Amino acid sequence: MIEAIKKETSINGAGVAKFVSYDADTQTIELSLSWSDKIKPLFGSEDLPTQIKAALQREVGKELFVSKKTNSFDITTRYNAHKLEIAEKYFTIGEKKYILLDNQQIIGKWLIPSKNICTTNGGEIDSNGICQAPWEKAEAICSASGGRLPLIEELKEVVTECGGKIYDSDSNVANSSYQSCYDAKGFTSGDYWSISPFASDTSAAWYVNFKDGYDGWDYKSRTHFVRCVRDSQ
């Protein structure tokens, strides 16, 4: 039974990747992803990003996208704590397999830092695979991701756009539609750092807790979740 849970399964034709841009300095490629109908029922929308940035050598990028702007990609799935997750996204050309490493998910204007960027810039990955860090490290993580920490107002907008109410904990916790909405946007039920300082104490900054919709302040030395906003937004 344990071996069955650990087993990884490859799924061919998981979707189509379209070339968006390539950064030669960092050797990262940005792709927009369209997922096939056979994949969508298996995962939540937060697990199926519409855009990613991934490490990919320039020569490989040329081989994949110079002659055409789209390519079919495959995935490997596995169970983690009894939940199905995507272990790898990769392209297959002949007998060659090109894995998209350290992928950074992009949902709208929001960036989800890759595990590599998170840990190499002073953060850590929790048991659910989410980046968390003290405030100053969170700033560095977002900068390395090509973005910035959000303003407190931007985090609050997520609450209200999902139908939540700021400072109405009981209503938000009981609102299943609200809870599903922020989850679909790639957030979790915890505290997320903002870039906004606490006016009365420069050693503190504001955060938002998505489960109950409250904002609050905490000392920058404390660890909270990290989510970034794209610089172009």
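Residues numbered from 1 in each chain as written. Predicted model: local features only at pLDDT ≥ 70, side-chain atom pairs only at ≥ 80, totals over all residues. Heavy atoms only, no water.

*Asks:* I'd like a description of the overall build of the protein chain, backed by residues and values.
*Replies:* The helix and strand tally for the protein chain stands at 7 helices and 16 strands. For the protein chain, the C-alpha radius of gyration of 19 Å lies close to 17 Å, the compact-globule estimate for 233 residues. The principal-axis extents of the C-alpha atoms in the protein chain amount to approximately 60 × 45 × 30 Å. Out of the 233 residues in the protein chain, the part that is buried amounts to 42%. Considering only intrachain contacts with a sequence separation of at least 6, the fraction spanning at least 24 residues in the protein chain is 59%. For the protein chain, the computed accessible surface area is about 12200 Å², with 48% contributed by carbon and sulfur atoms. Looking at charge distribution, the protein chain has the averaged site of its 27 positive side-chain charges lying 6 Å from that of its 32 negative ones. (Helix = DSSP H or I, 4+ residues; strand = E, 2+ residues; numbered from the N terminus. Rg over C-alpha atoms; globule rule 2.2 N^0.38 Å. Buried < 20%, exposed > 50% of the residue type's maximum accessible area, 1.4 Å probe, protein only. Contact = heavy atoms within 4.5 Å. Areas by Shrake-Rupley, 256 points an atom, 1.4 Å probe, with all protein chains shown as cover. Lys, Arg positive; Asp, Glu negative; His and termini not counted. Charge placed at Lys NZ, Arg CZ, Asp CG, Glu CD.)

*Asks:* Account for the nonpolar core, with residues named and values stated.
*Replies:* Leu 31, Trp 35, Ile 39, Phe 73, Ile 75 and Phe 91 are the most contacted members of the largest nonpolar core, which has 23 residues in total. Within the residue set of this core, elements represented by two or more residues are strand S1 (9–23), strand S2 (28–35), strand S3 (51–55), helix H2 (58–65), strand S4 (70–80) and strand S5 (83–93). A per-element tally of this core places S2 first, with 4 residues. Setting aside residues up to four positions removed in sequence, Trp 35 forms contacts with Ala 14, Gly 15, Lys 40, Leu 48, Pro 49, Phe 73, Ile 75, Ile 86 and Lys 89. Counting 16 residues, the second largest nonpolar core, distinct from the first, contains Ala 133, Ile 141, Leu 149 and Trp 193. (Core = buried A, V, L, I, M, F, W, Y, C linked by side-chain atoms within 4.5 Å.)

*Asks:* Give me unusual backbone geometry: which residues, what numbers.
*Replies:* With phi around 70°, Tyr 167 is a residue other than glycine that occupies positive phi space. Relative to the assigned elements, Tyr 167 resides in the loop between helix H5 (152–161) and helix H6 (169–174). For Tyr 167, a relative accessible area of 45% gives the class partly exposed.

*Asks:* Lay out the environment of Ala 133 in plain terms, naming residues and giving numbers.
*Replies:* By the secondary structure assignment, Ala 133 is in strand S10 (residues 131–134). Measuring from C-alpha to C-alpha, the distance between Ala 133 and Gly 122 comes to 6.9 Å, with 11 residues separating the pair along the chain. Residues in contact with Ala 133, not counting those within four places in the same chain, are Gly 122, Gly 123, Ala 138, Ile 141, Trp 193, Arg 222, Thr 223, His 224 and Val 226.

*Asks:* Help me get a handle on the packing of aromatic side chains, residues and values and all.
*Replies:* Within this structure, the stated rule accounts for 14 aromatic pairs. Plain terms: the ring middles of Phe 19 and Phe 65 are 6.0 Å apart, the flat faces sit at 40° to each other, and that makes the pair tilted. Linking Phe 19 in strand S1 with Phe 65 in helix H2, this pair joins segments that are 46 residues apart in sequence. For Phe 19, a relative accessible area of 26% translates into the label partly exposed. A residue is classified by how much of its surface remains accessible, and Phe 65, at 3% relative accessible area, is buried. Ring centres of Trp 110 and Phe 187 lie 5.2 Å apart, and the angle between their planes is 80°; this geometry places the pair in the edge-to-face category. Residue Trp 110 is located in strand S8 (residues 110–112), and its partner Phe 187 is located in the loop between helix H7 (176–184) and strand S12 (191–198); the two are separated by 77 residues in the primary sequence. Just as Trp 110 is buried, Phe 187 falls in that class too. Clustering of aromatic rings is evident, with ring pairs tying together Trp 110, Tyr 178, Tyr 182, Phe 187, Tyr 192, Phe 210 and Phe 225. (Phe/Tyr/Trp six-rings, centres within 6.5 Å; stacked < 30°, edge-to-face > 60°.)

*Asks:* Help me get a handle on the pairing of strand S6 (residues 96–99), residues and values and all.
*Replies:* Both S5 and S6 contribute to a ladder of 4 bridges, which runs antiparallel. Residue Ile 93 lies in a different strand from S6, and its bridge partner there is Lys 96. Hairpin connection, S5 to S6: the antiparallel pair is bridged by 2 residues, and Gly 94 has positive phi, about 65°. (Pairing = 2+ DSSP bridges.)

*Asks:* Go over H7, please, and point to the residues and values.
*Replies:* Note on helix geometry: an α-helix contains 3.6 residues per turn, so any two residues three or four positions apart are oriented the same way. Those residues of H7 not exposed but buried are Tyr 178, Gln 179 and Tyr 182. One face of H7 carries all of its buried residues, which in axial projection span an arc of 100°. Across H7 from its buried face, at more than 90 degrees, point the exposed residues Ser 176 and Ser 177. On its buried face, H7 sits against H5 and H6. Put simply, Asn 175 is the residue that caps the front of H7, since its side-chain oxygen is 3.1 Å from the backbone nitrogen of Ser 177. The first or second residue beyond H7 is Gly 186, which carries a positive phi of 90°. (Arc of directions from axis to C-beta. Polar contact = N/O pair within 3.5 Å; in protein donor to acceptor, adjacent residues only side chain to side chain.)

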